Structure formats: structure tokens, C-alpha cells
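Structural features, examined
Chain by chain, the residues:
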Amino acid sequence: QGQLIESGGGWVQAGGSLRLTCAASGHTSSTLAMGWFRQAPGKEREFVAAISWSGKDTYYAEPVKGRFTISRENGENTVYLQMNGLKPEDTAVYYCAADVVVIPKMSEMRHYDYWGQGTQVTVSS
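Below is a summary of the structure that appears in this document. Here, residues in each chain are numbered from 1, in the same order as that chain's written sequence. In keeping with the model being predicted, local features are shown solely for residues with a pLDDT of at least 70 and side-chain atom pairs are shown and tallied solely at 80 or more, while totals for entire chains, interfaces and linings include all residues. Excluded from the side-chain calculation are hydrogens and water; included are all heavy atoms of the structure.

The next point concerns the overall build of the protein. Under the DSSP-based scheme used, a helix requires at least four consecutive residues in state H or I and a strand at least two consecutive residues in state E, with every element numbered from the N terminus. Of the regular secondary structure elements, the protein holds zero helices and eleven strands. Overall, the protein shows an N-to-C arrangement of helices and strands of β-β-β-β-β-β-β-β-β-β-β. When its C-alpha atoms are laid out on the principal axes, the protein stretches across 40 × 25 × 25 Å. For every residue, the accessible area obtained with a 1.4 Å probe (protein chains only) is divided by the maximum for its type, and the residue is called buried under 20%, exposed over 50%, and partly exposed between those limits. Looking at the 125 residues of the protein, the share that counts as buried comes to 42%. Working rule for contacts: check all heavy atoms of both residues, and any pair within 4.5 Å makes them a contact. If you take every contact in the protein between residues at least 6 apart in sequence, the share linking residues at least 24 apart comes to 58%. Charge assignment in this entry is limited to Lys and Arg as positive and Asp and Glu as negative, and neither His nor the chain termini are counted. For charged residues, the charge sits on one atom: NZ in Lys, CZ in Arg, CG in Asp, CD in Glu. The positive charge centre, built from 11 side chains, and the negative charge centre, built from 12, are 4 Å apart in the protein.

A separate point is the environment of Gly8. Relative to the helices and strands, Gly8 resides in the loop between strand 1 (3-7) and strand 2 (10-13). Separated by 14 residues in the primary sequence, Gly8 and Cys22 place their C-alpha atoms 8.9 Å from one another. Ignoring anything within four residues of it in the chain, the contact list for Gly8 reads Leu18, Arg19 and Leu20.

Turning next to the state of the cysteines. Our working definition of a disulfide is a cysteine sulfur pair at a distance within 2.5 Å. The tally for this structure, following the rule as stated, stands at one disulfide. A disulfide bridge connects Cys22 with Cys96, and the sulfur atoms are separated by 2.0 Å. Linking Cys22 and Cys96, the disulfide has an S-S dihedral of approximately -80 degrees and is accordingly described as left-handed. Here Cys96 lies in strand 9 (residues 92-99) and Cys22 lies in strand 3 (residues 18-25), a separation of 74 residues in the sequence. Relative accessible area serves as the criterion here: at 0%, Cys96 is assigned to the buried category.

Another aspect to go through is the pairing of strand 1. What you see with strand 1 is a clean split: Leu4 and Glu6 sit on the buried side and Gln3, Ile5 and Ser7 on the side with no burial. Pairing between strand 1 and strand 3: five bridges, direction antiparallel. Considered in strand 3, the bridge of Gln3 is made with Ser25. At least two bridges found by DSSP between two strands is the condition for calling them paired.

So, about the side chain of Ser124. Along the chain, the position of Ser124 falls in strand 11 (residues 119-124). Not counting residues up to four positions away in its chain, the partners in contact with Ser124 are Trp11, Val12, Gln13, Ala14 and Pro88.

Next up on the list: the nonpolar core. Within soluble globular proteins, side chains that are nonpolar tend to cluster in buried spots. Membership of the largest hydrophobic core comes to 34 residues, with the highest contact counts inside it found for Met34, Trp36, Leu81, Met83 and Tyr94. When contributions to this core are tallied by element, the ones reaching two or more residues are strand 3, strand 4 (33-39), strand 5 (46-51), strand 7 (68-72), strand 8 (78-83), strand 9 and strand 11. Other than its neighbours up to four places away in sequence, Tyr94 contacts Glu6, Leu20, Trp36, Phe37, Arg38, Val48, Phe68, Leu81, Met83, Gly118, Thr119 and Val121. We define a nonpolar core as any set of buried Ala, Val, Leu, Ile, Met, Phe, Trp, Tyr and Cys residues linked to one another through side-chain atoms lying within 4.5 Å.

Turning our eyes to something else, we now look at the packing of aromatic side chains. For Phe, Tyr and Trp, where Trp contributes only its six-membered ring, two rings pair if their centres lie within 6.5 Å, and the inter-plane angle classes them as stacked under 30 degrees, edge-to-face over 60, or tilted in between. Enumeration according to the criterion identifies four aromatic pairs in this entry. Ring geometry for Tyr112 against Trp115: centres 6.3 Å apart, planes inclined by 70 degrees, an arrangement best described as edge-to-face. The buried category is assigned to Tyr112, whose relative accessible area is 4%. An aromatic cluster is defined as three or more aromatic residues linked by ring pairs; in this entry it consists of Phe37, Phe47, Tyr112 and Trp115. A cation sits over an aromatic face here: Arg19 above Tyr80, 4.1 Å from the ring centre. The criterion for a charge sitting over a ring is simple: Lys NZ or Arg CZ within 6 Å of the ring centre, and within 35 degrees of the ring normal. Its end group placed over the ring of Trp115, Arg45 keeps NZ or CZ at 5.0 Å from the ring centre.

Attention shifts here to the sheet that holds strand 1. Strand order across the open sheet formed by four strands is 1-3-8-7, with antiparallel pairing between neighbours. Each having just a single partner strand, strand 1 and strand 7 make up the two edges of the open sheet. Mean inter-strand twist for the sheet, computed between neighbouring axes without regard to direction, equals 15 degrees. Each axis is a line fitted through C-alpha atoms, taken for helices only over the stretch in contact, and angles between the N-to-C directions span 0 to 180 degrees.

Here it is, written out as C-alpha cells:
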């Protein structure tokens, strides 16, 4: 049974930076697309960023474009989310997700079966 372990959340002032890490283990597939989603209090979970298994294709939600960068080690099922220029509206629980997902569908939650436990990111104004 595959697992996803997230780390790197925390508290930061507006304008600051955080780096989230997600490590996948126990998965039989080596072609996992990986993504980050977030859920703020009282809101639905939403897409943040995703990266293809090769690392060549990345997608970002509009609110984070230019501020967040998703990356992964070559051939590894470890993904990073570098978050710069954080804003109070970025405050949420951030979830890592992984599965064999075709590139055009990587932003859609319903295509991911594997999820991490979530890590809290709090940005104060």
C-alpha cells in the first residue's frame, strides 16, 4: 500500500517563504504524477500545482503562478513545493497527492487515489 509523507509546513509572515516536501513510498508504479492541493477553513479543497512523472510538465493554479514552484528529483517519487511571496490567503492545509494520471488531468482531484495526511501552512499579515 503506497504512502505519502509530507513535511515542511509551518507559520510564516506575509512575504515569506516555505518549502513543502512529499515523499512517496511503497508504490509499485514509477510513473506517478504528483500534485499539491490545499484546503482553507470553510472552503473546498482546491488544486495548487502538479508535475508529471518525468518532471517535464508542470501546472499551476492561477493564484499561485509566479510565486510557487513544483519540482521533483529525476526518477524519484519525491516532490517539492517552493512557496515564495506567501500571502495570508495561502493559509490552508496542504495535501500531497499521487497517482498514474494523464497530463491533461493532473489538476483534477478525482484522478488521485493516494493522499498524504496534510501539513498546515499559516501566513500572518
